[in-house]
Amino acid sequence: MRYALSKLAHGLFLVLGVTLISFILMVWFGPDQTYTLIGKNANPQQIAEVRHELGYDQPFARRYVDYVAQLFTLNLGASNSSGEPVSRILKRTVPITLALMLPGFILGNLLGIALGLTAAQHRGRWTDHLINGFSVTGMSLSFLVIIILLQVLLSTPYGLNLFPVRGWQVDDPGSYLKYVTVPTLSLILVTLGYNTRFYRAVFVDESGKDHIRTARACGASTATILWKHVLKNSLVPVLTRIMFSIPLIVISGSLLLESYFGIPGIGKATFDAITSGDQPVLKAVVGLTAVAFVLIQILTDLLYRLVDPRIS
Amino acid sequence: MNPPVLSIRNLSVSNRRTKQPSAVVQQISFNLNPGEVLAVVGESGCGKTKTAEAIMGLLPRDGWSVQADAIELDGSDLAKLPESGLRRVRGRKISMIFQEPLTALDPVFTAGNQLASIFRRHRGKTRSEAYQCSMEMLSKVGFADTRNVLKSYPHQLSGGMRQRVMIAMAMACRPRVLIADEPTTALDVTTQAQVLDQLTRLGQEYGTSILLITHDPGVVAQYCDRALVMLEGRIVEDANVRDLFARPQHDYTRRLLASVAGVGSG
Ligand SMILES: Nc1ncnc2c1ncn2[C@@H]1O[C@H](COP(=O)(O)OP(=O)(O)OP(=O)(O)O)[C@@H](O)[C@H]1O
Ligand SMILES: [Mg+2]
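K.L.:
I would appreciate a short explanation of the overall build of chain A in the present structure.
P.N.:
For chain A, the helix and strand inventory stands at 13 helices and zero strands. For chain A, the N- to C-terminal ordering of α and β elements is α-α-α-α-α-α-α-α-α-α-α-α-α. C-alpha atoms of chain A, sized along the principal axes, occupy 85 × 60 × 35 Å. Sorting the 312 residues of chain A into buried and exposed places 41% on the buried side. Across chain A, contacts joining residues at least 24 apart in sequence account for 72% of those joining residues at least 6 apart. Surface accessibility of chain A: about 16,600 Å² in total, with carbon and sulfur atoms responsible for 68%. Side-chain charges in chain A split into 25 positive and 17 negative, and the spacing between the mean points of these groups amounts to 10 Å.

K.L.:
I'm lost on the site of ligand 1 in this one. Help?
P.N.:
Residue and element names in this part refer to chain B. What surrounds ligand 1 is a group of 13 residues, the closest being Asn15, Ser44, Gly45, Thr49 and Lys50. Within the side chain of Ser44, an N or O atom sits 2.4 Å from an oxygen atom of ligand 1. Contact between ligand 1 and Glu182: an oxygen atom at 2.9 Å from a side-chain N or O atom of the residue. At three residues, helix α1 (residues 48-56) tops the list of elements feeding residues into the shell around ligand 1.

K.L.:
Before we go on, may I ask you to explain empty space enclosed by the protein in this structure?
P.N.:
Gaps left between atoms are located by rolling a probe of water-molecule size over the structure's atoms. Applying the stated criterion to the full structure yields five cavities of 30 Å³ or more. Lining of the largest cavity is provided by 13 residues; of these, Thr214(A), Ala215(A), His229(A), Gln114(B) and Met169(B) occupy positions nearest its centre. Listing elements by their share of the lining of the largest cavity, those giving two or more residues are α9 (210-217) of chain A together with α4 (111-123) of chain B. When residues of the lining of the largest cavity are assigned to their parent elements, the largest contribution, four residues, is made by α4(B). Class assignment for the residues of the lining of the largest cavity results in six nonpolar, five polar and two charged. Only β2 (22-32), α1, β9 (209-213) and β10 (226-231) of chain B provide two or more residues apiece to the lining of the second largest cavity. Counting residues per element, the lining of the second largest cavity draws most heavily on α1(B), at four residues. Taken together, the residues of the lining of the second largest cavity break down into ten nonpolar, one polar and one charged.

K.L.:
Which parts of the structure should I look at to understand the nonpolar core?
P.N.:
Nonpolar side chains tend to gather and get buried jointly when the protein is soluble and globular. Within the largest apolar cluster, 89 residues are counted, with the highest numbers of intra-cluster contacts made by Ile55(B), Leu138(B), Val165(B), Ile179(B), Leu199(B) and Leu212(B). Ranked by residue count, the leading element in this core is helix α7 (residues 159-171) of chain B, at seven residues. If we skip the residues at most four places from it in the chain, Val165(B) touches Leu105(B), Ala111(B), Leu138(B), Phe143(B), Val149(B) and Leu157(B). Ranked by size, the runner-up nonpolar core spans 18 residues in total, among them Val68(A), Leu71(A), Ala273(A) and Ala284(A).

K.L.:
Hey, could you run me through the packing of aromatic side chains in this one?
P.N.:
Two numbers describe a pair of aromatic rings. These are the distance of the centres and the angle of the planes. Residue and element names in this part refer to chain A. In total, this model carries seven aromatic pairs over all chains according to the counting rule given. Ring plane angle 40 degrees and centroid distance 5.7 Å describe the contact between Phe23 and Tyr67, whose orientation is recorded as tilted. Of this pair, Phe23 sits in helix α1 (residues 2-28) while Tyr67 sits in helix α4 (residues 60-73); the two residues are 44 residues apart in sequence, bridging distant segments of the chain. When sorted by exposure, Phe23 lands in the same class as Tyr67, which is buried.

K.L.:
Honestly, the layout of surface pockets in this entry has me stumped. Any pointers?
P.N.:
One number sums up the size of the largest pocket: a volume of about 980 Å³. Elements supplying a minimum of two residues to the lining of the largest pocket: α5 (86-121), α9 and α10 (222-233) of chain A together with α1 and α2 (83-89) of chain B. Residues that form the lining of the largest pocket fall into these classes: ten nonpolar, seven polar and 13 charged.

K.L.:
For this particular structure, what's the right way to read the interface of chain B and chain A?
P.N.:
One widely used convention gives an interface's size as the accessible area the parts lose upon coming together. Contacts between the two partners involve 30 residues from chain B, matched on the other side by 22 residues from chain A. Carbon and sulfur atoms make up 56% of the surface buried where chain B meets chain A, a total of about 2,200 Å² over both sides. On the chain B side of the interface with chain A, the three residues burying the most area are Arg87(B), Val108(B) and Arg121(B), jointly 24% of the side's total. Seen at the junction of chain B and chain A, the total is one salt bridge. For the salt bridge of Arg213(A) with Glu53(B), the shortest nitrogen-to-oxygen distance reads 2.4 Å. Taken together, chain B and chain A are joined by 13 residue pairs in polar contact (both at pLDDT 80 or more). Elements represented by at least two residues in the side of chain B that touches chain A include exactly α1, α2, β7 (94-97), α3 (101-104), α4 and α7 of chain B. Top element by residues in the side of chain B that touches chain A is α4(B). It accounts for five residues.

K.L.:
It is not clear to me how the domain arrangement of chain A should be interpreted in this structure. Could you clarify?
P.N.:
According to the domain assignment, chain A contains domain 1 (2-73) and domain 2 (86-277). Its C-alpha centre places domain 1 of chain A at a distance of 36 Å from the equivalent point of domain 2 of chain A.

K.L.:
Got a minute to help me understand the sheet that holds strand β3 (residues 37-41) of chain B in this structure?
P.N.:
Paired through their backbone hydrogen bonds, the strands of a sheet run either parallel or antiparallel. Residues and elements named next belong to chain B. Within the open sheet, the six strands sit side by side as β7-β8-β9-β3-β10-β11. Their pairing is mixed. The sheet is open, and its two edges are formed by β7 and β11 (234-240), each paired on a single side. In this sheet, neighbouring strand axes are inclined to one another by 15 degrees on average, regardless of whether the strands run parallel or antiparallel. Inspection of the sheet shows β7 paired to strand β8 (residues 177-181) by four bridges, in the parallel sense. Bridge pairing in β8 links Ile94 to Val177. Most of the contacts of α1 go to β7, to which it runs at about 150 degrees, and overall it touches β3, β7, β8, β9 and β10.

K.L.:
Would you explain the coordination of the magnesium ion (ligand 2) in this entry?
P.N.:
Geometry sets the ideal angles at a metal, namely 109.5 degrees for four tetrahedral donors and 90 or 180 degrees for six octahedral donors. Residues and elements named next belong to chain B. At the metal site, the magnesium ion (ligand 2) is ligated by Thr49 (OG1) and Gln99 (OE1), and these contacts range over 1.8 to 2.7 Å. Here the residue Thr49 occupies a position in helix α1, and Gln99 occupies one in the loop between β7 and α3, the gap between them amounting to 50 residues. Given a relative accessible area of 18%, Thr49 falls into the buried group. Relative accessible area serves as the criterion here: at 31%, Gln99 is assigned to the partly exposed category.

K.L.:
Mind showing me how you'd approach the state of the cysteines here?
P.N.:
Covalent bonding between the sulfur atoms of two cysteines is what defines a disulfide. Residue and element names in this part refer to chain B. For the structure shown, the criterion picks out zero disulfides over all chains. The thiol of Cys46 is unpaired, and the distance to the nearest cysteine sulfur, on Cys224, comes to 15 Å. With no disulfide of its own, Cys133 lies closest to Cys173 among cysteine sulfurs, the gap being 9.5 Å. Given a relative accessible area of 16%, Cys133 falls into the buried group.

K.L.:
Can you help me understand the pairing of strand β1 (residues 6-15) of chain B in this one?
P.N.:
On a regular strand, one side chain projects to one face of the sheet and the next to the other, so that they alternate. Residue and element names in this part refer to chain B. In terms of burial, β1 is largely enclosed, as eight of its ten residues are buried. Pairing of β1 with β2 involves seven bridges; the strand directions are antiparallel. Each bridged residue has a counterpart across the sheet, and for Val13 the counterpart in β2 is Val25. Examined bridge by bridge, β1 and strand β5 (residues 70-73) share four bridges and lie antiparallel to one another. Note on β5: the bridge partner recorded for Ser7 is Glu72. Pairing of β1 with strand β4 (residues 64-67) involves four bridges; the strand directions are antiparallel. What sits directly across from Val13, in β4, is Val66.

Reading guide: rules and limits
Residues numbered from 1 in each chain as written. Chains lettered and ligands numbered in written order. Predicted model: local features only at pLDDT ≥ 70, side-chain atom pairs only at ≥ 80, totals over all residues. Heavy atoms only, no water. Helix = DSSP H or I, 4+ residues; strand = E, 2+ residues; numbered from the N terminus. Buried < 20%, exposed > 50% of the residue type's maximum accessible area, 1.4 Å probe, protein only. Contact = heavy atoms within 4.5 Å. Areas by Shrake-Rupley, 256 points an atom, 1.4 Å probe, with all protein chains shown as cover. Lys, Arg positive; Asp, Glu negative; His and termini not counted. Charge placed at Lys NZ, Arg CZ, Asp CG, Glu CD. Near = heavy atom within 4 Å. Polar contact = N/O pair within 3.5 Å; in protein donor to acceptor, adjacent residues only side chain to side chain. 1 Å grid on protein atoms, 1.4 Å probe; cavity = no way out; pocket = protein on both sides within 12 Å on 5 of 7 lines; lining within 4 Å. Points joined across faces, edges and corners; volume = space filled by probe spheres on them. Nonpolar A, V, L, I, M, F, W, Y, C, P; charged D, E, K, R; others polar. Core = buried A, V, L, I, M, F, W, Y, C linked by side-chain atoms within 4.5 Å. Phe/Tyr/Trp six-rings, centres within 6.5 Å; stacked < 30°, edge-to-face > 60°. Buried area = accessible area lost by both parts, 1.4 Å probe. Salt bridge = Lys/Arg side-chain N within 4 Å of Asp/Glu carboxyl O. Domains from an automatic or database assignment. Pairing = 2+ DSSP bridges. Axes fitted to C-alpha atoms, helices over the stretch in contact; angles between N-to-C directions. Donors = N, O, S within 2.8 Å, 3.2 Å for Na, K, Ca; no water. Disulfide = S-S within 2.5 Å.

As structure tokens, then:
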């Protein structure tokens, strides 16, 4: 109980911190919207009116409180360019992004873990070198090359021509599969090298521990050692990596994939907001990402306690 | 006399990682007789642990090379067994207890889980049978509250308790040979005595021969029948404990024993 309370206090503190930073960067020092909203040749009175409407005449503390209140009530105003309420934009785009990113994210990590375990098991032998070679190749290929190569191979008459090059017309599982496959493969290939190298290092480190020697001295098989002892002992670093790459993958990954494949998710919306200087949308994305980071941190802390009895 | 339980012929261990292959154990040979407690003494770094790990086949193949004419356990040569064959022997016919009780147990599994897995692996017990056996084994090594110990994670146990759990794991299958690598170095004096008493008593009850690695001549005098003195990867003396203390043959032995003058009378 005391623990939960202190975690909550800690979390609140973090939320205040990250929202304050994003407020200062995005709103207080953010671009002045006055002159984009009123036309040319405005008189001082009109200017003052617009500034008042935008809240620019309010003191710092007042505007910060308003901003936090907006984030928590999801009452985020409307897009400057389309006039669509920001909350509706989020409701429309976030599910698409999740549907787009989740399969690749999950498969990329599972494959990375499997390959990392295999490499660690055969450390120093040809299987390990082979996996390592593929990982380094994957890491040194630009994501652009990977995406374009996959598009050419899978989505054009030069290759198999099985999938659409771009777009997102999803209304049943079949069409979902059709549109999600190439982006998913791209995401897996782009991240797999990094994942594999990371997980291999974690597993190799764990395989050298004293208690692994004990398990071997008691006659445990290689499979038991890897899947029971090494894997469970590695869960803390594994969880950390997975949890903390979620916001990164969702934001930067979707920004990339969605603009390449023309998919109307939150990444595309953010990209458009950046290029057109659509402040309400950006404010919402940055603020909510910060809050999501804090929630993930709290969740990760709780998960640690599940997988490691020493943490309490 | 009965044939030895464990017979080592010309065992050498060298490190592959260093520039010129450096032998940390060089051509050692010795026998361990039935029911015997054999001490291996020598200063830090002389190769005691590496000898033990080589006998158990625990040294990673990519870092270490092990050569031996024979490592005979009950007449079968461990040096010729493949990894899968070794796996069936380890923990069943020959087991090992380690120097460092803090890190020797897996921190994320309960003592009960780790102990029970040995009964399930080597004795084909079901889950509930294995827990029953584990409880009996824990009371054998002197625990009163066995149910609680089974449920405890290693970090919840004291150093002495952890080492007793290790003894329970090592002795679970009544092995022919137990290698105890400085099992009490990390413990305080009273706990040391308790753990060693438990260990040797259980060895006698199960007919397990013990190779007791230590650098404490007091322990040698009190618990062992015979002793090997190691210096820089070689065995420089192999003698009965009584003879060793009365008439040390090697200069190094004399110096080693002098460090605890007066313990030799036992
Ligand atoms: N991982 C390693 N890499 C390189 N050399 C090692 C490694 N481990 C041990 N050695 C070397 O092998 C030699 C023998 O080590 P070993 O652990 O067998 O000593 P020990 O007699 O058990 O000492 P202690 O009483 O401190 O446990 C040492 O001189 C050490 O330098
Ligand atoms: Mg040692």
